[in-house]
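An overview of the molecular structure
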Number of protein chains: 2
Amino acid sequence: MDEKGEKTVSSALLAKICGRNAAQIRKDLAYFGEFGFRGVGYSVKDLLNNIKKILGSNKEWRMAVIGVGNLGSALLSYKDFLKQNYKIVAAFDIDPPKVIGRLSEKLGKPAEVLHISRVNEVAKERKIDIGLIATPPSEAQGVANLLVEAGIRGILNFAPAQITVPIGFVVKDVFFTTILDNLVYLLSTETGDSSDRK
Amino acid sequence: MDEKGEKTVSSALLAKICGRNAAQIRKDLAYFGEFGFRGVGYSVKDLLNNIKKILGSNKEWRMAVIGVGNLGSALLSYKDFLKQNYKIVAAFDIDPPKVIGRLSEKLGKPAEVLHISRVNEVAKERKIDIGLIATPPSEAQGVANLLVEAGIRGILNFAPAQITVPIGFVVKDVFFTTILDNLVYLLSTETGDSSDRK
């Protein structure tokens, strides 16, 4: 909306876009502060800035992809990251000559894949905040240990393996099979609701 | 554990593996039935079967990947699906000559990519339950419409675009940026908890 130059938005419109109801939108936002004006709605620009501040996405987050197979390549060319302040500044693999897709330069992505042994040094040089693990599951904990040693506090783990990190570090798992389990549970119990967003 | 021939498991061990506490594990499982025996724990085989039944994963779910770029290719070679009863039986693209990785045959994956125009016919022939949308966001709703027309009730949407489906169909979104938003929110507010699983 901000890109389109829209100035205000109602909770009803936000609700429609999100597939929720307007009262819930107002309640959720009110939890963080008074952002809206009765009869007017929300200022698009102010709401956007406030949400970014709440989410911690008002700063640039610098990321590294570890493991440049199909999934790692998909992450390196994932355009939606750029709309937020998520910037991939490095890519690592045990087989560094792997080529990143031709789009990489255009998207401001790292132009070369580095050997994983350089992660500690490069993490400091390029101020990496977050590591995206896209390795085979057998390598995930080892890579997580390297990221922790390098002081990279956030990990998005795409490898289907449970990894543990010390206190002060944060892991979010993206397990496609677990998400499918959730979908088929909904399909099995589905009684007419049209999506998980309702 | 079942693969390793282990007969029983305690809630304490399950808790450790899941990064939760034993009381929560017992409470969660008790919600669905009496699966455990005091002082003994759970029968691995029975618990596995019960969980599969609860999740709806005791049957085979037949899936199609739509969009065979980097992400679609990653999904086609995602080995973890095979551990559950998730089987990819078709792949579609608007540019069907795209080659699927050399692993595909070994993994029992479809050996050829079909043109998206064939989705209706093939969905019926191959009894497809679930579509994994891995197209650019601009194509996601159009593909979802085709899947709905073909009677494919479940959609896992990897394209960063909101899609809507009629009542009776289920969509789960896998938006990497949203998951990152969640991670950086935890990083911004982190006070010593070591992961989202605790």
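Residues numbered from 1 in each chain as written. Chains lettered and ligands numbered in written order. Predicted model: local features only at pLDDT ≥ 70, side-chain atom pairs only at ≥ 80, totals over all residues. Heavy atoms only, no water.

Let us look at the relation of the copies chain A and chain B. Relative to chain B, chain A is turned by 180° and slid 0.0 Å along the rotation axis, the superposed coordinates differing by an RMSD of 0.0 Å. Put plainly, the chains are arranged around a two-fold axis. It is A:N70 whose C-alpha, among those of chain A, lies nearest the rotation axis, at 2.5 Å. When the interface residues of chain A are mapped onto chain B, 98% of them again lie at the interface, so the same face is used by both copies. (Least-squares fit on C-alpha atoms with pLDDT ≥ 70 in both. Contact = heavy atoms within 4.5 Å.)

Right, let's get into the packing of helix α1 (residues 11–18) of chain A against helix α2 (residues 22–30) of chain A. All names here are of chain A. Orientation of α1 relative to α2, taken along the N-to-C sense of each, is 105°, at an axis distance of 8 Å. Classified by the angle their axes make, α1 and α2 are roughly perpendicular. Of the residues in α2, those touching α1 at S11, A12, L14, A15 and C18 are A22, I25, R26 and L29. Residues of the contact of α1 with α2, tallied by class, amount to seven nonpolar, one polar and one charged. (Axes fitted to C-alpha atoms, helices over the stretch in contact; angles between N-to-C directions. Helix = DSSP H or I, 4+ residues; strand = E, 2+ residues; numbered from the N terminus. Parallel < 35°, antiparallel > 145°, perpendicular 65-115°, else oblique. Nonpolar A, V, L, I, M, F, W, Y, C, P; charged D, E, K, R; others polar.)

Residues and elements named next belong to chain B. Every second residue of strand β8 (residues 154–157) is oriented toward a common face, with G154 and L156 on one face and I155 and N157 on the other, all of them buried. By the bridge criterion, four bridges tie strand β7 (residues 130–133) to β8 in an arrangement that is parallel. Bridge pairing links L132 to L156 in β8. Read from β7 through helix α7 (residues 137–149) to β8, the crossover connection turns out right-handed. In terms of strand pairing, β8 meets strand β9 (residues 170–173) through four bridges, oriented parallel. Note that in β9 the partner of G154 across the bridge is V170. (Buried < 20%, exposed > 50% of the residue type's maximum accessible area, 1.4 Å probe, protein only. Pairing = 2+ DSSP bridges. Right-handed = clockwise from strand over helix to strand, strands pointing away.)

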